[in-house]
Structure formats: structure tokens, C-alpha cells
Amino acid sequence: MFNTASLIQPSIKKTFIHRIDPRAKITFLLCASILAVSLDKPKSLFILFMVAISSCIFAKLPWDKVGLLAIFVILGMWGTMFSQALFYAGHPRTIIFVLISSKTPILGAITDGLYVYREGFIHGAVQALRFSSMICLGLLTCWTTEPRDLLTGLVKLKIPYNFAFMTITALRFIPTVLTETKTVIAVERLKGFKPTKVGIFSSLKTAVSTLRPILANSVRRASTLALSIESRAFNPTAPRSHLRDLRYKFSDFLITGGAISGSLAVATIKIMYLLYINEIFYSSSLRHIYQLAGKVL
Amino acid sequence: MRGSLSIDNLKFTYTGREKPTIKGINLSVQPGEFVLLTGPTGCGKSTLLKTLNGIIPHQSGGKMEGTVKVNGLDTNTAEMQDICKQVGMVFQSPDDQLFSTVIEDEVAFGLENLCLGKNEIDRGIDLALRKVGMKNLRQAQIGTLSGGQKQRVAIASVLAMEPRILALDEPLSQLDPVGAKEVLDVIKRLNVEQNITVILVEHRIHEIAHMASRILVMDEGKLVLDKPTGKAFAKLEIFEKLGLRVPEPIKLFCALGFSERPLTNKQAIETVQDRIENGFLKKITSVNRDRLPRRLGNEVVSAKDVSFSYSKKGECVLKNIDLSIREGEVVALMGSNGSGKTTLLLHLAAILKPSSGRIEVFNADTCKISPYSLASQVGVVFQNPDLMLLSDTVWGEAMFGPQNLHLEKADELARQSLEAMSIGKLMTDSPLALSRGQRLRTAVASIISMQPKLILLDEPTTGQDRIHIEEMMAYLIPKDGGKTVVFCTHDVQTAIRYADTILVMDKGVIAQGSPESVFEQEDILRRANLSAPDSYHIAKKLGLESIFMVEELEDTLKCLILPH
């Protein structure tokens, strides 16, 4: 069983990944998200995914976190690839496996046949690699950075303090909310209620009765927290000083510079390519670029 | 003057309410005073406290009349940042008011809001942590601290702003005896050594009265008593009427008709010994007052060599527990936070399964059943009743279980349970809109409407008035017996009053037996951070054995009073 508190909290070690400045990590994450959206070839997305996985390996994450990450990645990949392979609607499409033939009595007529399509499988792989890369990098950022450094990093990146504070505080309360959810489910069971009962009405009833106490408790907690911070002279619009500071190292400059220039370059190439294939703009001097975008990116 | 406070004809009405919560309060507090503010749930104590540091009216909405001045600063017109430097506010639950992961950041927060320089912030953190005795833990993770330590961090986080008044809203209610003592020691030290004015809202008068210089009692938005501590207990009618628990020595002396009002055991013992020497009391001889044991039925819970840890390599939370509970038995689980009380309770409801060993509840191995299958037989009331309120009306709560279990006459069972908890008139109300006491009683009603044979209560007395505790326990544990109840508590008096058997836990069971036999083992009590009740200490000093409740001591001493 996973310990929710330890899964949320960062595990601070002395690896290269841990030592990267939070601003560089956040910038890298943003650039990776640009890349994940811009790239659409399985090979290039696979490289992005491998970068994410390698970073996780270098960070020497504890086994429980690796386990959770593996569950997210495997379930995400399997779910996306399989569903896309089954329900791919684009053309052309090549059948690689027949689950239900359209000639099968009754079921065949109802479903019009159920097939696994090669193109759907590839399309699913592209989506899954995007999703998995971002999950790995997002969790890696949270798991290798102290929340206080993440807060300072966000503030230094000119994110409004209110927003940064809310984000980090929400992270801090996730284990509490998960523990409370477990308690509510136990309460429901002990009152003879089966949360696992299937059916739309049952699912709705389960959701409402489970969420009500959790939300009510969260609102009460938020209200106490608000009183507590207001009692300590917090004013969202007033300027404030900061005890902690962050220092950018040479390696951080390299990571930030590389990530920004790489993602900008890919995004620019893809835009030029889109302009070309939509017959909006073409320059013969950019032929190599179009080729790169069409085959690799 | 630094640390002074004056309130003039204060009235406050919350938005959307017709009646005011505060109804014309006048109060003046001098620098260095230690004021204990008490009263029943919902009387307006917390609201009054919020007016002291400007949360009311600046952040609350509602209508405020009258003036509140702290160190001469009118909270109505002053900026929040200025008021915060005068009054530091600490709340009930340390987990809800702390948001940082590291102590240093939490304490720095207020100073950063005041826009101080790095050096000043650094010095402020050091000073504040030194005042609460946590200087060495500056870089510690807040998640690793005990409840008492967290509350001390909360105090340090406001002390950093160097307020001269400290306003604390039930800061002990969520703490075990050790944590409560840690926090009280810090508050007392700040009051005595730093001359900080303390205004402390608390139900646990019996634990704090001896530290306070003045006691205020509120009821329905008004101050009904404002006296120096020495004179506050001259008459106990007000405290009795409002269901407030007074220190045992005072209750004892009042019942005996003595004029003295001792706040501590030491004072009480000296006074009684004086009276014996002066011929007002007969010389005390040992009196043995064994309680009659309840008639018990068949075994309903059996635990054999049960151990449990939350993860494979984690520390054992329960170690080699052997336990037998019989029908009609009332068992109290006692011990510090983290001693395994709640974990054991969850095992009895089959929510947790032992890592090794075996637990049988109503002859069913809990490893082989789900909590769902125990629903009609075992009822659990969790520490936080809010997590038990699943429906949109009080009636819906009471009907939830019986309907799911398809019980016959569900309506009748629900009605009976609500009446038993004195909330029959609130049937159509939303449970979320009720007071904490009413919410707890709604949660209890939702359990007893299923008529479970075994009732498990996790800290049922936390944050409750004496009257609410007594009402609830009287229903759950009728004098003629019949119901099997297991409850976790830190409250020694509740355990002694209601339990047949006490289990003292420290991962495993370190003592088990009748309240009398357990509370006579001083080494066990020390290990579990428990203390026998005041009446026991007074009786023992006077040479009386086996007296644990104030009523027992009162009866014994009444027989010894000589006519004059």
C-alpha cells in the first residue's frame, strides 16, 4: 500500500537533478510542454520521453515513487494506445487484428465490427508519449524540489505571490485530503453503503456523499488557514520581502538556455512547416527545414 | 500602554444572521494579565477573540458596533498590518493553520509580510523559536513534529512579529496531555518572563485555571462572570448551569461547604490537613470503595498476538496485542498520540487488517471480512464528526444506515436516535450548519440508528462541553449496562467514570485492568504520559486508597466532617 504523505513529499537527495535551480526546472517543464504539443512523430516524442525517464533515473527516486510513476505511465500508455487503436476514425487505416467481425451474428451487426487499427495504435502511442513525458517531468519537478524552493522559484519567475502560494499550499494539503477520503469511504462502508456498486444513480450517490464531507472539511480548513495568514499581516496586494533566495549556477543557465532555444526552434520549424503545407508561405531556401519537420519532428 | 486592551460596548452580528453573536461587551485588560475566557460552545468566545486582532471587522463582513482598542490602537480604523504587530492570534488545530513544510518558513511568513530585511527576519525567527524552546529545530520539517511542537511553531509564528498580546483560541483541544503541557508551559513562560498579555479561550478550565490571573465566562454573547481567579469560583452555579468543568479540588471543597477554593492539589491537601489538625475533620482512616462490576456476557472481540505496521519495513504501530472484550463491557483505550489507540479501533471495525496475529469480532475473522459486512453490528464514531456527515439533512443522516441495511422500522429507529441525542428538533437542518457539538451528536445518532452491538468511539470528548459529553455517554453507556463500547480518550476523568476496563497503550498494551488497578501503577502512567485525577492524588495524600472520582472523595470526606 502506498503511503500518501510520502508520495507527495519530495525526497531530497544530492543528485544533479535535485541541485538544479527551481526556476530552471520550471522553465524546462514549460519548454517540454511546448515540445510535447509541437512534436507529432513517434520517434521524436520517444526521445522526449526517454529524456524524461533518464532524468527520473538520475534523480534516484525512491521505489514507492518509481512504482507510482510506473503505474501512471503504463496505465496511461495502455489505455490511450488501446482505445485509439480500437476507435480510430481517420483514413487510411489498416486492420491488424479482428476482435469482432462485422459478419458475426448480432454483435457484428450491432458494432459493425470491432478492429484494431495500425494507424490508431500509432496515434495512441503519440498521445501516450506526450502524456507520459509530461507526467514524468511534472512529478520529477515536485519530487526533487522542496516546496519552499518551488514557491521562491515561482515568485522569482514573476508569478503572482497569491497564485504561487495557493499552488504550494494545495500540494501541502493533498495528503490530508487523501486521508480524509479514506475515512469517508470507511464511514460509508460501516453505514452499509457500497461505494463500489455499479450504475449511474449509484455512482452519483457515491460521488455526492463522498465529496460532501470532504469539501465541507476543506472549506473549514481553508477558512482557518485564511484567518491564520491574515492574522500574520498577509495582504495579497502589498509588497513583501523574502527570507530565502535562489542562486542561478552555470549549469542552470545551460539547462534554461538549451530548453528555451530548443523548444523555440522546434516550435518555429513546425510553424513554418504548417504555413508551407497549408499553402500560406513557401521559401525554397527552407526546403531542408520542411524535410526535417515532415520526417522527424 | 503596551499589552493593554479595552473593549467598549462591543456588539457584532454576522452577515445573514438576525441576532448578534456579541451583545454589548465591556472589558479592560491590563498588561501582563493572563485571562482565561470560557463558556459553552457557540457563546461567542471565538468571535470576541477575532475582534481583538481586527479579523472582525476587516476580514469578516458583518456589523460591528462599539470599539476595541489594543495598546490604544482602534481596531476599527487601524490597518491589519499594524494590529497584527500588537495582537498575535493562535488557532485550535495546528495542522490547519500551518502551511509551510519547514519551521523556518512558517515563522518567517509574518515578518516577510511586514517587509522586513533578511537580517531582521533571520533574527526574528531565532528569537521567536528560542521563546518557544524550539531554536534547534529551525530547519525541521513540520510534518515530523508532534501536535504540541506544531502548536508551539504556531505560537512562534505570531511571536516573531513581537506582539504584546497573545490571543489563543482553544490551542489545547487537539493535543494529548504531553502536547498540552508543552504548550501551556510555553504560554505561562511568555506571560511571566516576557510580560505578554495572554487571552486564552478554553473549555478545559480545570487544567488552566491555576495559571490564569482572571477568569471570564461568556454565555449567549455576554460576559456573565469577570473575576480574579481566586474569587471566580466563590459560587459554582454559573459553571454548573453552563456545563463547564471546574477544577476537582474546587468542586470538592464547594460540595463539602468549605470556604477555601484551592486551585491545585497541593493547596487542597494543605487545607484538608489544616482542618484535621484544627479538629474540623475526623482523622482519616483508609476506606475501600470498590465499584460493583458490570454483568458481562459472551466474548465479542478477541485479539491474539496482533501486530501491525502501515508499511512492510515501517515501525510496528501495534505489537503483540492480546485482548478480550465481552458483551456489555466498556473499555477505554488510553495513551499518548501515536500509541496505537486509533489503529486498534480501526482493526476492531475490520478497516485495517493485522500484519500478523488474528482478530475476531462477533466470531468473524476480520482478515476475511470487509467493514461492510460488520455494518449492522459495529458502529464507529470517528474523531472528526464532520467526515461522517454524508447527507443533506440531519434526518437523512439518521436514515442513511438503516436504509442501506434495509432495517425494519427505519423511520422509528432514526427518530429514536435523534431524540436520544437531543437533536430531534433539527431534523430538517443541514448537518453542516450545526455547531460542533450538534454535529458530533448527529454523527453519533447516525450510528446508533443502526443499533450496533459494538460501538467504537475515537476521542468522543475532544472539544466538547461537559454537558454534551455526559449526555452522549449516558445514552451510549447506560447504568444498567447492555452495550459494548470501546473508546479512545486522553480524558482521565471520562475513562474512570465510564470504563470497566482501561487499556494503556504504547504500541502494545502496557497495562490492562480496572481503572483502579491501572491508575495505581505510577510507572505505567508516567510511561504513557498519563496522570491520575486530582481526587486520587488528594485522597492518597490524605491516606485514602482507591478513590478516583471527586464524588467518591466528597462522600468520604462528608462523613468525616465534625459538627461545629
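Residues numbered from 1 in each chain as written. Chains lettered and ligands numbered in written order. Predicted model: local features only at pLDDT ≥ 70, side-chain atom pairs only at ≥ 80, totals over all residues. Heavy atoms only, no water.

Asks: Just to check I follow, could you spell out the overall build of chain B for this structure?
Replies: Broken down by element type, chain B carries 23 helices and 20 strands. For a compact globule of 564 residues, the expected C-alpha radius of gyration is about 24 Å, and chain B comes in at 25 Å, within 12% of that figure. Taken along its principal axes, the extent of the C-alpha atoms in chain B is 70 × 65 × 50 Å. Classification of the 564 residues of chain B by burial places 58% in the buried group. Partitioning the contacts of chain B with sequence separation of at least 6, the portion at a separation of at least 24 is 67%. (Helix = DSSP H or I, 4+ residues; strand = E, 2+ residues; numbered from the N terminus. Rg over C-alpha atoms; globule rule 2.2 N^0.38 Å. Buried < 20%, exposed > 50% of the residue type's maximum accessible area, 1.4 Å probe, protein only. Contact = heavy atoms within 4.5 Å.)

Asks: Any chance you could explain the pattern of salt bridges here in plain terms?
Replies: Between side chains of opposite charge, a pair can form when the charged atoms approach closely. If you walk through the whole model with that rule in mind, you get 33 salt bridges over all chains. Two residues, Lys181(B) and Asp185(B), come together in a salt bridge whose shortest N-O distance is 2.9 Å. Separated by four residues within a single helix, Lys181(B) and Asp185(B) lie in helix α8 (residues 177-193), roughly one turn from each other. Glu551(B) is the partner of Arg497(B) in a salt bridge, and the nearest nitrogen-oxygen pair spans 3.2 Å. Placement of the pair is Arg497(B) in helix α19 (residues 492-498) and Glu551(B) in helix α23 (residues 550-560), with a sequence separation of 54 residues. A network of salt bridges, in which partner residues are shared, links Arg148(A), Glu104(B), Asp105(B), Asp122(B), Asp126(B) and Arg138(B). (Salt bridge = Lys/Arg side-chain N within 4 Å of Asp/Glu carboxyl O.)

Asks: Help me out: how do you make sense of the sheet that holds strand β5 (residues 73-74) of chain B in this one?
Replies: Whenever strands of a sheet pair, they do so through backbone hydrogen bonds, lying parallel or antiparallel. Residues and elements named next belong to chain B. Overall, antiparallel pairing links the four strands, which are arranged β2-β1-β4-β5 in an open sheet. Edge strands, defined here as strands with exactly one partner in the open sheet, are β2 (22-29) and β5. Pairing of strand β4 (residues 63-70) with β5, which is carried by two bridges, proceeds in the antiparallel orientation. Of the residues in β5, the one forming a bridge with Val70 is Leu73. (Pairing = 2+ DSSP bridges.)

Asks: Can you walk me through the interface of chain A and chain B in this structure?
Replies: In many reports, interface size means the accessible area that the parts give up when they come together. The partner chain B presents 66 residues to the 48 residues of chain A that form the contact. Buried surface at the junction of chain A and chain B, both sides included, amounts to about 4,900 Å², of which 60% is carbon and sulfur. Where chain A meets chain B, there are eight salt bridges. Of the charged contacts in the structure, one is a salt bridge between Asp96(B) and Arg221(A), with a shortest N-O distance of 3.4 Å. Here chain A and chain B share 25 residue pairs in polar contact (both at pLDDT 80 or more) between them. Looking at the side of chain A that touches chain B, the elements with two or more residues in it are α8 (147-156), α9 (161-190) and α10 (200-230) of chain A. For the side of chain A that touches chain B, the element with the highest residue contribution is α10(A), accounting for 14 residues. Classifying every residue of the side of chain A that touches chain B gives 20 nonpolar, eleven polar and 17 charged. (Buried area = accessible area lost by both parts, 1.4 Å probe. Polar contact = N/O pair within 3.5 Å; in protein donor to acceptor, adjacent residues only side chain to side chain. Nonpolar A, V, L, I, M, F, W, Y, C, P; charged D, E, K, R; others polar.)

Asks: Is there a simple way to explain the packing of aromatic side chains in this structure?
Replies: The geometry of an aromatic ring pair comes down to the distance between the two centres and the angle between the two planes. Evaluation of the coordinates by the stated rule reveals 22 aromatic pairs over all chains. Ring geometry for Phe308(B) and Tyr310(B): centres 4.8 Å apart, planes at 80°, overall edge-to-face. In this structure Phe308(B) comes out as buried when scored by relative accessible area, which is 7%. Owing to a relative accessible area of 42%, Tyr310(B) belongs among the partly exposed residues under this scheme. Residue placement shows Arg172(A) over the ring face of Phe173(A); its charged tip is 4.3 Å from the ring centre. Here Lys483(B) stacks its cationic end above the ring of Tyr475(B), 4.3 Å away from the centre of that ring. (Phe/Tyr/Trp six-rings, centres within 6.5 Å; stacked < 30°, edge-to-face > 60°. Lys NZ or Arg CZ within 6 Å of the ring centre and 35° of its normal.)

Asks: Just checking my understanding: could you explain the side chain of Ser157(B) for this structure?
Replies: One can find Ser157(B) in helix α7 (residues 147-159). The contact partners of Ser157(B), leaving out residues within four places of it in the chain, are Arg232(A), Glu106(B) and Val107(B).

Asks: I tried to follow the domain arrangement of chain B on my own but got confused; where do I start?
Replies: Residues and elements named next belong to chain B. For chain B, the assigned domains are domain 1 (5-246) and domain 2 (299-543). Summarising the inter-unit geometry, the C-alpha centres of domain 1 and domain 2 are found 32 Å apart. On the side of domain 2, 14 residues touch domain 1, which itself brings 16 residues to the contact. Among the residues domain 1 hides against domain 2, the three largest losses belong to Thr41, Asp176 and Arg245. Together they make up 39% of the total. Put simply, domain 1 and domain 2 have one salt bridge between them. Those elements that provide at least two residues to the side of domain 1 that touches domain 2 are α8 and α11 (237-241). (Domains from an automatic or database assignment.)

Asks: What should I look at first to understand a nonpolar patch on the surface in this one?
Replies: Residue and element names in this part refer to chain A. On the surface, a nonpolar cluster with roughly 540 Å² of combined accessible area is contributed by Trp78, Phe82, Ile96, Phe97 and Leu99. Residue contributions to the nonpolar patch peak at three residues, all from strand β1 (residues 95-100). Position of Phe97 among the secondary structure elements: in strand β1. (Patch = residues over 30% accessible without salt bridge, like charges linked within 9 Å, V, L, I, M, F, W, Y side chains within 5 Å. Areas by Shrake-Rupley, 256 points an atom, 1.4 Å probe, with all protein chains shown as cover.)

Asks: I tried to follow the side chain of Gln86(B) on my own but got confused; where do I start?
Replies: All names here are of chain B. Along the polypeptide, Gln86 turns up in the loop between α3 (80-84) and β6 (87-90). Of the polar contacts made by the side chain of Gln86, one reaches the side chain of Asn71; its length is 2.4 Å. The contact partners of Gln86, leaving out residues within four places of it in the chain, are Arg2, Val70, Asn71, Leu73, Pro163, Arg164 and Ile165.

Asks: Can you walk me through the pairing of strand β17 (residues 454-458) of chain B in this structure?
Replies: Strand residues, when the strand is regular, have side chains that alternate between the two faces of the sheet. All names here are of chain B. Of all the five residues making up β17, five are buried; the element is thus mostly covered by neighbouring parts of the structure. Burial along β17 is two-sided: the residues Leu454, Leu456 and Asp458 and Ile455 and Leu457 are all buried. Here β17 pairs with strand β18 (residues 484-488) via five bridges, running parallel. Considered in β18, the bridge of Leu457 is made with Phe487.

Asks: Where do I start with unusual backbone geometry in this structure?
Replies: Glycine aside, residues mostly have negative phi, and peptide bonds are mostly found in the trans state. Look at the link from His91(A) to Pro92(A): it is a cis peptide, with omega at -5°. Mapped onto the elements of the fold, Pro92(A) is located in the loop between α5 (63-87) and β1. Cis rather than trans, the peptide bond between Ile56(B) and Pro57(B) has omega equal to 10°. For Pro57(B), the location among the structural elements is in helix α2 (residues 55-58). Within the chain, Glu279(A) stands out as a residue other than glycine whose phi angle is a positive 60°. With respect to the element layout, Glu279(A) can be found in the loop between α11 (250-277) and α12 (287-295). For Asp305(B), which is not glycine, the phi torsion reads 50° and is therefore positive. As for its position among the elements, Asp305(B) is in strand β11 (residues 299-309). The exposure class of Asp305(B) is partly exposed, given its relative accessible area of 41%.

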